[in-house]
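What the coordinates show
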Amino acid sequence: MKYILILTLFVLVRSVRAQSPALPYLKKHGDATQLIVDGKPYLVLGGELRNSSNSNLTNLRPIWPRLVKANINTVLATVSWEQMEPQEGVFDFTLIDGLIDQARENKMKVILLWFGSWKNTVSTYVPGWVKDDFKRFPRIQNADGSGQERLSTISETNKNADKLAFKALMRHLRKIDGTAHTVIMVQVENEVGMYPNRRDLSADANALFDKPVPGELMNYLVKNMDALSPVLKRAWTEAGSKKSGNWEEVFGKGRLTEDFFQSWTFATYINGIAEAGKKEYPLPLFVNTALNEVSGGPQDKVMDIWKAVAPSIDLLTPDVYYPQFAEYAARYHRSDNALFIPEARFDSSVGGKAMYAIGQHDAIGFSPFAIDGNDSIHAHPLAKSYKILSQLSPYILENQGSKNIGGILLDTINPTQELQVGNYMITATIVKKKQRLSPQSAYGIVLATGENSFIISGCNLFLTFKPLTPGPAQAGFKNVSEGSFVNGMWRETRRLNGDEIDDGRHLLFPGDDRELSIQNVEIYRYE
Ligand code: DGJ
């Protein structure tokens, strides 16, 4: 009897363990990579707080209701090394615990940003005891031997100090969040790099620069030769495609080679920190980058160097403050790198950019910067776009990585886009100034839900459909209804047959973000 009881208990414990949801992780879904949270794919409809907003928990508290009203489901927030380890080896997690508690009260997920050795290229977030002891914690140096306010990337002491702190953070997260999973990803460092010099010019760095390019990087280049970024490939080819040699022998002399070297040192350092952190608590980790002319961060020209030597970093992510959003989204969406936008300039275009990144590039999520700087964010186009994306998320997450989803982003320079979604070629055209107000941009997301049916949302668009499968060549609208999804069920608010579909010529999405709606469309075909 006693044995039967013990056996039953054992089986029960095992099955509870088996049922307890896994940690957040990344998983392939068709061609896409998705973030899985509590066993289900999760779309990050995010916003990044300003750097200092959660450096004081009282100031943080009033921010949440605004974010909730803006349909944000994930907040990206700073962890400052200085505040977390004020004395060497003495950790204070008060701010992190408070942030997580407040997020839970507001049913939000959190992505933590580890502001450790570098933040916006400089070392302003390192604790005072690191700043003061510049002999023990060396800096990147100029040619004349003077130091920069940047920790050296090649110092084991620097790396170990950051690593110990990051490990303590991840260990603490496992302890307080290992079951609830409020924290779903962590960014390691922030916009690393350096300028105006392209690399550290200390004696140690010079010596390393003269040594052979490490084998793991050479092997990666040889193995992935055809898929390398054009800039890296050209430099290597023009220098003779050598399979060994020092940095200048392999890539030629010049600024670019110095960028490659400095990127390798950053990637190696940060991978060491990420690897150690993952041993404590293996959350998905990413590194973000500015897209300006700094040397060392994972800009697209050096993504391959990062991929070669930083396998513990799951995603390399662009902070897009420049207007060429579609171009950057395409560069960072690769088969070995899912797209995630941790920062974007918080202007009126972000609602459309979120839809486009998620629809066209299977993005894991989107997050404009300084989300708490706007008191009326609930009325911002982002809030409306997130509302729609959240209603559509079951369809989006099911269809990412397939041909049944697409995104549209147009402006006056690129006023037309063709995209194949499901069985149709769709032509999207921006509504011109003469026809509508506010014609500067247009955007949308298209989901094929059946052979001839679509769910679409967008702004300032005309859409026409051309069948791609055998059968009658022309497409018309069998029925078009406008509405929303309430608890997953379609609720029609209007039927569109006349002016609202331009007498059957196109689907029409009005040019005002505030009117953003969903259309549920059935197409028919005729000769
Ligand atoms: C990019 C950085 O990553 C952010 O932390 C912040 O400094 C913004 N720039 C300011 O525009």
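Since this is a predicted model, take the numbers as computed values, not measurements.

**Notes on the sheet that holds strand β2 (residues 32-37)**
Hydrogen bonding along the main chain pairs the strands of a sheet, whether they run parallel or antiparallel. Taken together, 3 strands build an open sheet; the order of strands is β1-β2-β3 and the sheet is antiparallel. Taken across any chain shown, the strands that pair with only one partner, and hence form the sheet edges, are β1 (25-29) and β3 (40-42). Across the sheet, the mean angle separating the axes of adjacent strands is 55 degrees when strand polarity is ignored. In this structure, β1 lies alongside β2, joined through 5 bridges in antiparallel fashion. When the bridges of β2 are listed, Lys 28 appears paired with Thr 33.

**Section: the site of the ligand**
Every residue close to the ligand is listed here: Asn 51, Lys 119, Asn 120, Asn 190, Glu 191, Asp 319, Tyr 321, Glu 343 and Phe 369. In the model, an oxygen atom of the ligand is placed 3.0 Å from a nitrogen or oxygen of the Asn 120 side chain. Between the ligand and Asn 190 there is a distance of 2.8 Å, counted from an oxygen atom to a side-chain nitrogen or oxygen. Compared with its free state, where it exposes 300 Å², the ligand has 76% of that area covered by protein.

**Describing the packing of helix α15 (residues 350-360) against helix α16 (residues 381-399)**
Any two packed helices are characterised by the angle at which their axes cross and by the distance between the axes. Contact geometry of α15 with α16 gives a least axis separation of 8 Å together with a crossing angle of 20 degrees. Our classification of the angle between α15 and α16 gives roughly parallel. Between α15 and α16 the crossing geometry is right-handed. Contacts between α15 and α16 involve Val 350, Gly 351, Ala 354, Met 355 and Ile 358 on the former and, on the latter, Pro 381, Leu 382, Ser 385, Tyr 386, Ile 388, Leu 389 and Ile 396. Looking at side-chain class alone, the contact of α15 with α16 contains 10 nonpolar, 2 polar and no charged residues.

**Things to note about the pairing of strand β17 (residues 424-430)**
Residues Tyr 424, Ile 426, Ala 428 and Ile 430 point to one face of β17 and are all buried, whereas Met 425, Thr 427 and Thr 429, pointing to the other face, are not buried. Pairing analysis gives 6 bridges linking strand β16 (residues 416-421) to β17, with the strands arranged antiparallel. When the bridges of β17 are listed, Glu 418 appears paired with Thr 427. Between β16 and β17, which pair antiparallel and follow one another directly, the connecting turn spans 2 residues, one of which, Gly 422, has a positive phi of 60 degrees.

**Quick notes on the sheet that holds strand β13 (residues 343-344)**
One open sheet accounts for 9 strands, arranged β12-β14-β4-β5-β6-β9-β10-β11-β13; its pairing is parallel. At either margin of the open sheet sits one strand with a lone partner, and together these are β12 (340-341) and β13. Of the strand pairs in this sheet, strand β4 (residues 44-48) and strand β14 (residues 365-366) are connected by 2 bridges, and their pairing is parallel. Bridged to Leu 45 within β14 is Phe 366. Sheet contacts for helix α7 (residues 156-177): β5 (74-80), β6 (109-119), β9 (183-190) and β10 (285-289); angle to β6, the most-contacted strand, approximately 170 degrees.

**A word on helix α9 (residues 215-223)**
Of the positions making up α9, those classed as buried are Leu 217, Met 218, Tyr 220 and Leu 221. The arc that holds the buried residues of α9, viewed along the axis, is 160 degrees, so those residues lie on one side. Of the exposed residues in α9, the ones pointing more than 90 degrees away from its buried face are Asn 219 and Lys 223. Looking at the buried residues of α9, the elements they touch are α10 (230-238), α11 (247-251) and α13 (303-309).

**A word on the environment of Trp 114**
Along the polypeptide, Trp 114 turns up in strand β6. A sequence separation of 37 residues divides Trp 114 from Ala 77, and the C-alpha atoms of the two residues are 8.8 Å apart. Aside from chain neighbours lying at most four places away, what touches Trp 114 is Val 79, Trp 81, Met 84, Asp 162, Ala 165, Phe 166, Leu 169, Gln 187, Val 188, Glu 189 and Asn 190.

**What to know about the domain arrangement of the chain**
When cut into domains, the chain gives domain 1 (25-399) and domain 2 (405-526). Centre-to-centre, using C-alpha coordinates, domain 1 lies 35 Å away from domain 2. Taken together, the contact pairs 21 residues of domain 1 with 22 residues of domain 2. Contact between domain 1 and domain 2 buries roughly 1800 Å² in total, counting both sides, with carbon and sulfur atoms accounting for 73%. Connecting domain 1 to domain 2 are 0 salt bridges. Counting across the interface, domain 1 meets domain 2 through 2 residue pairs in polar contact (both at pLDDT 80 or more). For the side of domain 1 that touches domain 2, the per-class residue count stands at 11 nonpolar, 7 polar and 3 charged.

**What to know about the packing of aromatic side chains**
One pass over the structure, following the stated rule, counts 24 aromatic pairs. On the numbers, 5.3 Å between centres and 75 degrees between planes, the contact of Phe 286 with Phe 340 is edge-to-face. Pair noted here: Phe 286 is in strand β10 and Phe 340 is in strand β12, with a separation of 54 residues, a long-range link. Assessed through its relative accessible area of 0%, Phe 286 is described here as buried. You can call Phe 340 buried: its relative accessible area is 0%. Here the aromatic rings of Tyr 395 and Phe 485 are separated by 5.2 Å at their centres, their planes lie at 45 degrees, and the arrangement is tilted. Of the two residues, Tyr 395 is situated in helix α16 and Phe 485 in strand β21 (residues 474-486); the sequence distance between them amounts to 90 residues. The exposure class assigned to Tyr 395 is partly exposed, which follows from its relative accessible area of 25%. Cation over ring: Arg 150 sits above Tyr 195, and NZ or CZ is 4.9 Å from the ring centre. Across the ring face of Phe 209, the terminal group of Arg 199 is positioned such that the distance to the ring centre comes to 4.1 Å.

**With respect to α16**
At Leu 392, α16 shows its maximal bend, which comes to roughly 65 degrees, and the proline Pro 394 appears one to four places after that position. With its phi angle positive at about 85 degrees, Gly 401 sits one or two positions after the end of α16.

**Some thoughts on the environment of Ile 408**
Within the element layout of this structure, Ile 408 appears in strand β15 (residues 405-411). Put simply, Ile 408 and Leu 461 are 53 residues apart on the chain and 9.2 Å apart in space, counted from C-alpha to C-alpha. Beyond its immediate sequence surroundings of up to four residues, Ile 408 is in contact with Tyr 356, Gln 417, Leu 419, Ala 428, Ala 442, Tyr 443, Gly 444, Val 446, Leu 461 and Leu 463.

Conventions used here
Residues numbered from 1 in each chain as written. Predicted model: local features only at pLDDT ≥ 70, side-chain atom pairs only at ≥ 80, totals over all residues. Heavy atoms only, no water. Pairing = 2+ DSSP bridges. Helix = DSSP H or I, 4+ residues; strand = E, 2+ residues; numbered from the N terminus. Axes fitted to C-alpha atoms, helices over the stretch in contact; angles between N-to-C directions. Near = heavy atom within 4 Å. Polar contact = N/O pair within 3.5 Å; in protein donor to acceptor, adjacent residues only side chain to side chain. Areas by Shrake-Rupley, 256 points an atom, 1.4 Å probe, with all protein chains shown as cover. Parallel < 35°, antiparallel > 145°, perpendicular 65-115°, else oblique. Left-handed = near helix turned anticlockwise from the far one by under 90°. Contact = heavy atoms within 4.5 Å. Nonpolar A, V, L, I, M, F, W, Y, C, P; charged D, E, K, R; others polar. Buried < 20%, exposed > 50% of the residue type's maximum accessible area, 1.4 Å probe, protein only. Arc of directions from axis to C-beta. Domains from an automatic or database assignment. Buried area = accessible area lost by both parts, 1.4 Å probe. Salt bridge = Lys/Arg side-chain N within 4 Å of Asp/Glu carboxyl O. Phe/Tyr/Trp six-rings, centres within 6.5 Å; stacked < 30°, edge-to-face > 60°. Lys NZ or Arg CZ within 6 Å of the ring centre and 35° of its normal. Bend = angle between axes of the 7 residues up to and from the residue.

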